[in-house]
Amino acid sequence: MPYVKYYTAGNKLAKFSKKDIERGSKTNERLAYDITFYDWTIRPNYEKKSVEGKMDIHFKGGLEHNVILVDLQRRLKIDSLLSTSEIEKYKRKGDALYIYFKENIQVGENYVLSIKYHGKPANVDNQGPIVWSEDRAGNPFYSTLTQGIGPHYLFPCKDMLYDEPDSCTIRVGIMEDLRVVANGNLIETYKEDQWNYYLWKVKNPINVYNISFNVGKYARLDYTYESLLTGEQTISAWALEEDLDKAQPFYQQAILVMIEYEKMFGEFPWEEDGCAFVESAINGGAMEHQSAISMGKILSNNWSNDTLQFKMNSTLVHELAHEWWGNSVTAEDYCDAWLHEGLATYCEALIAERLNGKPAYRLAINFERQGVDNKRPVRKTCGARYNSWANYKDHDIYNKGALFLHTIRQQLNDDELFFNALRRIYQENKKGHITTETFKEAFVEETGQDLDPYFEVYLTQNTPPVLQYNFNTETKEFYYRWKNELPEGFQMKVLLGEGDFLELYPTYEYQKVILRTTSDQVVAQEFFGYILIEKDKKFKG
Ligand SMILES: [Zn+2]
């Protein structure tokens, strides 16, 4: 998701509370149950901006224990709570719902927990969990968005990345004569009382924040293409009827991008569920909802392909990348959200390169360099329900994550090795979970290079390497060194020049080269990696 901003903690980063750790770590109350299937029914009320729903959580016992912790935002009221194992009581503590069973859950046994609920979901800065809107003709138009704030704002669930259901169903009842588009495939529609029901089914594991739906006056476009790996396939696009003309050429672009991703990483992961894009009511962004990617109001806002000669809409490129990185290969814990966002952001540069050549790649990299804060580590503390997406001051998981991958690639200076490593990580972990460690181990094994110090500098330190220099334009002496402390073994090649590069290996001590130019804008970052550059004003030669 590119830069959807939540201001849940004002301008400050939320600190971990005891509750964050309780809800974000693998306690016995979490390990006791392993989600197998979410069966969700929801009836949104557009007039009242409220919902009533039922969630059947199917799970397998993971640990002999009598208490489980389910996430449910406090504003949503529970009407009934039933289970196939007798419930003694339940307690609500903030957004945590503790359910006490009369007997211990048995390892490997199957259970169903059925929770009926209703309420008026909080409106978090008009960014979710439901964004209520209307189309230009005045028809209701609304969509869900829960990444960051949490899916528990909309339904009871276990909001932990490591525990995906094997499949899910989404049954949405609406009062309007409109269409519902959700993840996966539409199984049936029917009418019951005054409600029009749409039942959608996802046949694959899905991240809980990807479970979503959209309501509007939709029409569908289908694009067929020839996958190099799986033969003839279809990409669908759901657009508001009023935006259909604009949608046609826009989604046509997806075919080219799809083919490039398949070449780089392997087949599109959700053949059974299909690949679809959906115009959605969310404000100022898009979201990688699995097999039903929310594209926000990109069409009604008169989309254009990005400048910088990318010749491709980077939002579409980014969100589609998440089907491989984020949705199929998922971080085990929210602390590693950079694995989703860094990869998807780097894919924007890779697609620019593959479709438009190296100059477009370098432009993309230079563009990404401008949006880095370097105030907090890219990798967060694991085991706390830290919201990596939640604060606009903390978006280095996107651009700095991408620049880190760029740096590794440039330093390796062997594209075959680099792309083999990425492909291997994808293939070994598809429809599964990874951590920064497993990512690193595979990279090191595949490339045979000691990349540890790079992972440490770029992911755990606030500041990347800082090149301090002084340039005497008369003598053309260029002095350079690392200013900041870097881990042992960190050795980075720095390139100076504009074509005929000078290769430097800075240390903490000043070293000197004689340049031919009088310009001191000679550090060619886009050719070797991401660093900061600083003139040493106190330098005495
Ligand atoms: Zn993203």
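It should be emphasised that the depicted structure is a prediction, and the values quoted were computed from it without experimental measurement.

With that out of the way, let us pick up the overall build of the chain. The helix and strand inventory of the chain stands at 11 helices and 27 strands. Relative to the 2.2 N^0.38 estimate, which gives 24 Å for 541 residues, the radius of gyration of the chain is 25 Å and therefore close to what a compact globule would have. If you line up the chain on its principal axes, its C-alpha atoms span 85 × 55 × 45 Å. In the chain, which comprises 541 residues, the proportion classed as buried is 59%. In the chain, of all internal contacts separated by at least 6 residues, the share reaching a separation of at least 24 is 72%.

So, about the environment of Phe455. Secondary-structure assignment places Phe455 in helix H10 (residues 452-460). Look at Phe455 and you get buried, because its relative accessible area is 3%. Along the sequence, Phe455 and Glu437 sit 18 residues apart, while their C-alpha atoms lie 9.4 Å from each other. Apart from the residues lying within four places of it in its own chain, the contact partners of Phe455 are Phe404, Ile408, Thr436, Phe439, Lys440 and Thr460.

Glancing now at the pattern of salt bridges. For the coordinates displayed, the defined rule picks out 28 salt bridges. Close ionic contact of Glu52 with Arg43 constitutes a salt bridge, the shortest N to O distance being 3.1 Å. Between Glu477 and Lys512 there is a salt bridge, with the nearest N and O atoms lying 3.4 Å from each other. Residue Glu477 is located in strand E23 (residues 477-482), and its partner Lys512 is located in strand E26 (residues 511-514); the two are separated by 35 residues in the primary sequence.

Let's shift gears to the side chain of Gln73. Structurally, Gln73 is set in the loop between strand E4 (65-71) and strand E5 (77-83). Not counting residues up to four positions away in its chain, the partners in contact with Gln73 are Arg92, Asp95, His152 and Tyr153.

We now examine the sheet that holds strand E14 (residues 195-202). Here we have 7 strands laid out as an open sheet, ordered E5-E8-E3-E2-E11-E14-E13, and mixed in their pairing. Either end of the sheet is taken by a strand with one partner, and the two such strands are E5 and strand E13 (185-192). The average undirected angle you get between the axes of adjacent strands in this sheet is 15°. Relative to E14, E13 runs antiparallel, the two being bridged by 7 bridges. Looking at the pairing, Lys191 lines up with Asn196 of E14.

This part takes up the environment of Lys217. Mapped onto the fold, Lys217 is located in the loop between strand E15 (213-216) and strand E16 (218-227). What makes Lys217 partly exposed here is its relative accessible area of 36%. Separated by 41 residues in the primary sequence, Lys217 and Glu176 have C-alpha atoms spaced 9.8 Å apart. Ignoring anything within four residues of it in the chain, the contact list for Lys217 reads Asp135, Asn139, Leu178, Ala239, Leu240 and Glu241.

Taken as a whole and assessed by the stated rule, the structure comprises 1 disulfide. Here Cys335 is linked by a disulfide to Cys382, with a sulfur-sulfur distance of 2.1 Å. Residues Cys335 and Cys382 are joined through a disulfide that is right-handed, its torsion about the S-S bond being 70°. Here the residue Cys335 occupies a position in the loop between strand E20 (329-331) and helix H5 (338-356), and Cys382 occupies one in the loop between helix H6 (358-369) and helix H7 (396-412), the gap between them amounting to 47 residues.

Across the interface, H5 lies against H6 with an axial gap of 6 Å and an inter-helix angle of 160°. On the basis of their axis angle, the class for H5 and H6 is roughly antiparallel. As H5 runs across H6, the sense of the crossing is right-handed. Of the residues in H6, those in contact with Thr345, Tyr346, Glu348, Ala349, Leu350, Ala352, Glu353 and Asn356 of H5 are Lys358, Ala360, Tyr361, Ala364, Ile365 and Glu368. Looking at the contact of H5 with H6 residue by residue, the classes come out as 8 nonpolar, 2 polar and 4 charged.

The subject of this paragraph is the nonpolar core. With 94 residues, the main nonpolar core has Tyr251, Tyr261, Phe277, Leu320, Phe439 and Phe443 as its most contacted residues. Counting residues per element, this core draws most heavily on helix H3 (residues 244-265), which supplies 11 residues. Leaving out residues up to four positions away in the same chain, Phe439 has contacts with Trp338, Leu339, Leu343, Leu405, Leu422, Ile425, Ile434 and Phe455. Core analysis: the second largest hydrophobic core is formed by 63 residues, Val51, Val180, Tyr209 and Ala331 among them.

With that out of the way, let us pick up H7. The first and last C-alpha atoms of H7 sit 23 Å apart over 17 residues, in line with the 24 Å expected at 1.5 Å per residue. For H7, a buried count of 17 out of 17 residues is recorded, marking the element as mostly surrounded by other parts of the structure. In the segment just after H7, Asn413 is the residue with positive phi, at about 55°.

Put simply, the chain has an average pLDDT of 91, and 94% of its residues get 70 or more. Scored below 50 in pLDDT, residues 1-11 makes 54 contacts in the model with residues more than four places away or belonging to other chains.

The peptide bond linking Gly128 to Pro129 adopts the cis configuration, its omega dihedral lying at 5°. Residue placement: Pro129 occurs in the loop between strand E8 (110-119) and strand E9 (130-134). Its identity as a non-glycine residue notwithstanding, Asp125 has a phi of 50°, on the positive side. Tracing the backbone shows Asp125 in the loop between E8 and E9.

Moving on to the side chain of Asp333. Here Asp333 lies in the loop between E20 and H5. Buried and without a salt bridge, Asp333 has Lys26 as its closest oppositely charged side chain, separated by 7.2 Å. Residue contacts for Asp333: discarding those within four places in its chain leaves Gly24, Leu161, Cys382 and Gly383.

Each value, and the rule that gives it
- Residues numbered from 1 in each chain as written.
- Predicted model: local features only at pLDDT ≥ 70, side-chain atom pairs only at ≥ 80, totals over all residues.
- Heavy atoms only, no water.
- Helix = DSSP H or I, 4+ residues; strand = E, 2+ residues; numbered from the N terminus.
- Rg over C-alpha atoms; globule rule 2.2 N^0.38 Å.
- Buried < 20%, exposed > 50% of the residue type's maximum accessible area, 1.4 Å probe, protein only.
- Contact = heavy atoms within 4.5 Å.
- Salt bridge = Lys/Arg side-chain N within 4 Å of Asp/Glu carboxyl O.
- Pairing = 2+ DSSP bridges.
- Axes fitted to C-alpha atoms, helices over the stretch in contact; angles between N-to-C directions.
- Disulfide = S-S within 2.5 Å.
- Parallel < 35°, antiparallel > 145°, perpendicular 65-115°, else oblique.
- Left-handed = near helix turned anticlockwise from the far one by under 90°.
- Nonpolar A, V, L, I, M, F, W, Y, C, P; charged D, E, K, R; others polar.
- Core = buried A, V, L, I, M, F, W, Y, C linked by side-chain atoms within 4.5 Å.
- Expected span 1.5 Å × (residues − 1).
- pLDDT = per-residue confidence, 0-100.
- Lys, Arg positive; Asp, Glu negative; His and termini not counted.

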